[in-house]
Amino acid sequence: MTEYQPPAAHGTMPGAPDDAAHTVAYDAVVLAGGAARRLGGADKPAVRVGGRPLLDRVLAACAGARTTVVVAGPRPTARPVTWAREDPPGGGPLAALDAGLRHVTAEHVVLLSADLPFLDGRTVAALLDTLRPGAADGVLLTDSDGRDQPLVAAYRTPALRRELAALSAAHGGTAGLPLRRLTGALDLLRISDPVASFDCDTWDDIATARARIREHGHVLDEWISAVKDELGIDLDVDTGVLLDLARDAAHGVARPAAPLTTFLVGYAAARAGGDADAVAEAARKAVALANRWAEEDARDAAPAAPSGGAESDPRTDAG
């Protein structure tokens, strides 16, 4: 396990670009095997944090990959992947990496474990952006103690293949060899990120991760990400606009208007093309309507102004 520390902002490096905006083609290899002995043999990639399996959370972080290879037995996932198995099964991380690389064609590959609850696309993009301009073989994260986390890293694919071939020739294969035999032969850069590198080895780690995503300031982002994964939606929208809309509808009309209005905005946006601009335009129209509704209600509630002539006699018959 790597040490957990509270994040500065959403568990990513401040200012890191979003993975969806990353333009360099890359592939991803996710190692999802292992016995999970410290979890009592549980199927760790399937353990849920924030309502989503750990594996699906990692797959969301590398959604920008051209090809994503998961080295494990096939299972349902929220995103399409290519499945691979190490030879022999249970042969360790180097054998698993070797199996995954057989399906990789990109010059850069992101190598990830399947138990990283706080990894996101901005961290993946930062790794790749750090790797691309230089001559290093890879860029990996380190935890707060400075320990390398080679399964949260981006590498040059030819460098991995070169060292795997050398190890296989020297040892008659890669099964059973520790990962440090490979990383020790590579020229690596390092980025410190104790949040994104936090992994879940024990049930205490799982409990820590579950508690963290329910903290104020994180729960809404986590919930929106979980809903988008559950519904198969890849759409980045301005949640602040939608929250403002819900507030205006609740205050200007009635509380039940908030969820119904946001639903109708989503429906209208889908009919108009379903992109972020369509959501923004539908929300703008709904906000304007809610404001007009509130203004009318405010006018009707105000005391009537004098007409400007002589005050009328309150008696019904002045004569």
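Worth saying up front: this structure is predicted, and the values here are computed from it rather than measured. (Residues numbered from 1 in each chain as written. Predicted model: local features only at pLDDT ≥ 70, side-chain atom pairs only at ≥ 80, totals over all residues. Heavy atoms only, no water.)

1. Focus: the overall build of the chain
Line of reasoning, step 1. Each helix and strand counted, the chain has 10 helices and nine strands in total.
Line of reasoning, step 2. When each of the 319 residues of the chain is scored for burial, the buried share is 44%.
Line of reasoning, step 3. Put simply, 71% of the contacts in the chain that link residues at least 6 apart link residues at least 24 apart.
Line of reasoning, step 4. Of the accessible surface of the chain, which amounts to about 16,700 Å², a share of 54% is contributed by carbon and sulfur atoms. (Helix = DSSP H or I, 4+ residues; strand = E, 2+ residues; numbered from the N terminus. Buried < 20%, exposed > 50% of the residue type's maximum accessible area, 1.4 Å probe, protein only. Contact = heavy atoms within 4.5 Å. Areas by Shrake-Rupley, 256 points an atom, 1.4 Å probe, with all protein chains shown as cover.)

2. A word on the packing of aromatic side chains
Line of reasoning, step 1. Scanning the model with the defined rule gives one aromatic pair in all.
Line of reasoning, step 2. When the centroid spacing of 5.5 Å and the interplanar angle of 25° are considered together, the rings of Phe118 and Phe198 count as stacked. Here Phe198 lies in the loop between strand 9 (188-192) and helix 6 (203-213) and Phe118 lies in the loop between strand 6 (108-113) and helix 3 (121-131), a separation of 80 residues in the sequence.
Line of reasoning, step 3. Looking at Arg212, its charged tip hangs above the ring of Phe118, at a distance of 4.4 Å from the centre. (Phe/Tyr/Trp six-rings, centres within 6.5 Å; stacked < 30°, edge-to-face > 60°. Lys NZ or Arg CZ within 6 Å of the ring centre and 35° of its normal.)

3. Considerations on the pattern of salt bridges
Line of reasoning, step 1. Applying the stated criterion across every chain, the model contains 19 salt bridges.
Line of reasoning, step 2. In the salt-bridge network here, residues are joined through shared partners; they are Arg52, Arg57, Arg212 and Glu222. (Salt bridge = Lys/Arg side-chain N within 4 Å of Asp/Glu carboxyl O.)

4. Points about a nonpolar patch on the surface
Line of reasoning, step 1. Where nonpolar side chains cluster on the molecular surface, the patch consists of Val219, Leu220, Trp223, Ile224 and Leu243 and spans about 460 Å² of accessible area.
Line of reasoning, step 2. Looking at the secondary structure, you find Trp223 in helix 7 (residues 219-231). (Patch = residues over 30% accessible without salt bridge, like charges linked within 9 Å, V, L, I, M, F, W, Y side chains within 5 Å.)

5. Some remarks on the sheet that holds strand 5 (residues 82-84)
Line of reasoning, step 1. With mixed pairing, the seven strands of this open sheet are ordered in space as 5-4-1-6-8-7-9. The sheet terminates laterally at strand 5 and strand 9, the two strands that pair on one side only. Here the average twist between neighbouring strands, direction ignored, is 25°.
Line of reasoning, step 2. The sheet contact formed by strand 7 (residues 138-142) and strand 9 spans five bridges and is parallel. In the strand pairing of strand 9, Gly138 is matched with Leu188.
Line of reasoning, step 3. Against the sheet, helix 2 (residues 93-101) touches strand 1 (27-31), strand 4 (68-71), strand 5 and strand 6, its axis set at about 145° to strand 1. (Pairing = 2+ DSSP bridges. Axes fitted to C-alpha atoms, helices over the stretch in contact; angles between N-to-C directions.)

6. Some thoughts on the pairing of strand 6
Line of reasoning, step 1. In terms of residue burial, strand 6 counts as a mostly covered element, since six of its six residues are buried.
Line of reasoning, step 2. In terms of strand pairing, strand 1 meets strand 6 through five bridges, oriented parallel. Bridge assignment links Ala28 to a residue of strand 6, and that residue is Val110.

7. Description of helix 8 (residues 239-252)
Think of an α-helix as turning once every 3.6 residues; residues three or four places apart then point the same way.
Line of reasoning, step 1. Along its 14 residues, helix 8 runs 20 Å from first to last C-alpha, staying within 8% of the 20 Å computed at 1.5 Å per residue.
Line of reasoning, step 2. Residues of helix 8 that are buried include every one of Leu245, Asp248, Ala249, Ala250 and Gly252, and no others. (Expected span 1.5 Å × (residues − 1).)

8. Points about helix 6
Line of reasoning, step 1. Listed as buried for helix 6 are Asp205, Ile206, Ala209, Arg212 and Ile213. All buried residues of helix 6 lie within an arc of 130° about the axis, which places them on one face of the element.
Line of reasoning, step 2. Residues of helix 6 that are buried sit in contact with strand 2 (48-49), helix 1 (54-61) and helix 7. (Arc of directions from axis to C-beta.)

9. Notes on unusual backbone geometry
Line of reasoning, step 1. Residue Pro88 follows Asp87 across a cis peptide bond; omega there is 0°.
Line of reasoning, step 2. Inspection of the secondary structure puts Pro88 in the loop between strand 5 and helix 2.

10. Overview of the side chain of Arg79
Line of reasoning, step 1. Tracing the sequence through the fold places Arg79 in the loop between strand 4 and strand 5.
Line of reasoning, step 2. For Arg79, a relative accessible area of 17% gives the class buried.
Line of reasoning, step 3. The contacts of Arg79, once residues within four sequence positions are left out, are Leu59, Ala60, Ala63, Asp229 and Asp234.

11. A word on the packing of helix 2 against helix 4 (residues 157-171)
Line of reasoning, step 1. Axis separation between helix 2 and helix 4 bottoms out at 11 Å; the angle between their running directions is 130°. With respect to helix 4, the element helix 2 is oriented oblique. In the crossing of helix 2 with helix 4, the sense of the turn from one axis to the other is left-handed. Across the interface between the two elements, Leu94, Leu97, Asp98 and Leu101 of helix 2 pack against Thr157, Leu160, Arg161, Leu164 and Leu167 of helix 4.
Line of reasoning, step 2. Along the lines of polarity and charge, the residues of the contact of helix 2 with helix 4 split into six nonpolar, one polar and two charged. (Parallel < 35°, antiparallel > 145°, perpendicular 65-115°, else oblique. Left-handed = near helix turned anticlockwise from the far one by under 90°. Nonpolar A, V, L, I, M, F, W, Y, C, P; charged D, E, K, R; others polar.)

12. Brief notes about the packing of helix 8 against helix 9 (residues 257-271)
Line of reasoning, step 1. Axis separation between helix 8 and helix 9 bottoms out at 8 Å; the angle between their running directions is 135°. Taken together, the axis directions place helix 8 and helix 9 in an arrangement best described as oblique. The hand of the helix 8/helix 9 crossing is right-handed. On helix 9, the residues touching Leu242, Leu245, Ala246, Ala249 and Ala250 of helix 8 are Ala257, Ala258, Thr261, Thr262 and Val265.
Line of reasoning, step 2. For the contact of helix 8 with helix 9, a count of residues per class yields eight nonpolar, two polar and no charged.

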